[in-house]
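# Geometric and topological summary
Chain by chain, the residues run as shown.
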Amino acid sequence: MGTTATTGPTLVAVGHGTRDPEGAAAIGRLLDRVRVLRPGLRVEIGCLDLLRPTLTEVLAGLRGTAVLVPLLLGAGYHVHTDIPDRLAHAPHLRARVAGALGPDPLLAAALADRLTESGWPTAGPSAGSPPVSLPRGRDAVVLAAAGSSDPRANAGTERMASLLASRLGRPVVPSYLSAASPSPAQAVADLRERGFRRVAVARYLIAPGHFARSAGRSGGCVTSPPLGAHDDVARLVLRRYDDAGGTPR
């Protein structure tokens, strides 16, 4: 059920952009969930690459106030440099840039749900407690992130792995599909060499696309789908909007 109708600065969701029609559709469904949760809020999408409308086009067409919410899981180049640079070319607009979505406990909840949907038993024997003492031969999870050349973004992935491990009560190893190591396939192989019998791959990605397909070839017993239009992700988009000066919760 949606909340009371409200108004406020336009929420500009900033996506990376993809030529994959399934990826674009997943972003559309996520923003539809955001609109349901916050009736009356104007929500636009602006893409950084590959897809229109571009962020530059969207900003040029807006007036008044806006909050730019990156649909990005890590705070790398796009969050720190690319988005502020494009906003600087829209001096007519009073706007702020929110933080990246990750890491956050809401994402841990969504990742756990996606693993459950894939048939992975997420209710471990010590769920919610540190998994460091689990014996050999138990289950483990590889968190497959896009990866970044910015160490701040990869540090966020490590933190996200820790949050998910605490929720699952199982070891979770961060991995990267580009720009950093280990790769998801390397992480899966390493865990098996260490004696873990079953290893799942959790796609720490918003939508289907090239990286999601690569993660699916990592050799896990199961591979969860991208986060997509999960309600906790939609709530997190609104939390970032509010924290950056949007409509108060």
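Everything discussed here concerns the structure shown above.
All values derive from a computational prediction rather than experimental measurement. (Residues numbered from 1 in each chain as written. Predicted model: local features only at pLDDT ≥ 70, side-chain atom pairs only at ≥ 80, totals over all residues. Heavy atoms only, no water.)

Let's shift gears to the environment of Ala24. Note that Ala24 resides in helix α1 (residues 21-37). Along the primary structure Ala24 and Ala207 are separated by 183 residues, whereas in three dimensions their C-alpha atoms are 7.7 Å apart. Not counting residues up to four positions away in its chain, the partners in contact with Ala24 are Thr18 and Leu51. (Helix = DSSP H or I, 4+ residues; strand = E, 2+ residues; numbered from the N terminus. Contact = heavy atoms within 4.5 Å.)

This part covers the sheet that holds strand β3 (residues 65-70). Two orientations exist for strands paired in a sheet by backbone hydrogen bonds: parallel and antiparallel. Pairing is parallel across the open sheet formed by four strands, whose spatial order is β2-β1-β3-β4. Taken across any chain shown, the strands that pair with only one partner, and hence form the sheet edges, are β2 (43-47) and β4 (94-97). Each strand axis lies, on average, 25° off the axis of its neighbour in the sheet, ignoring direction. Here β3 runs beside β4; their pairing, made up of four bridges, is parallel. The partner of Val67 across the bridge, within β4, is Arg96. (Pairing = 2+ DSSP bridges. Axes fitted to C-alpha atoms, helices over the stretch in contact; angles between N-to-C directions.)

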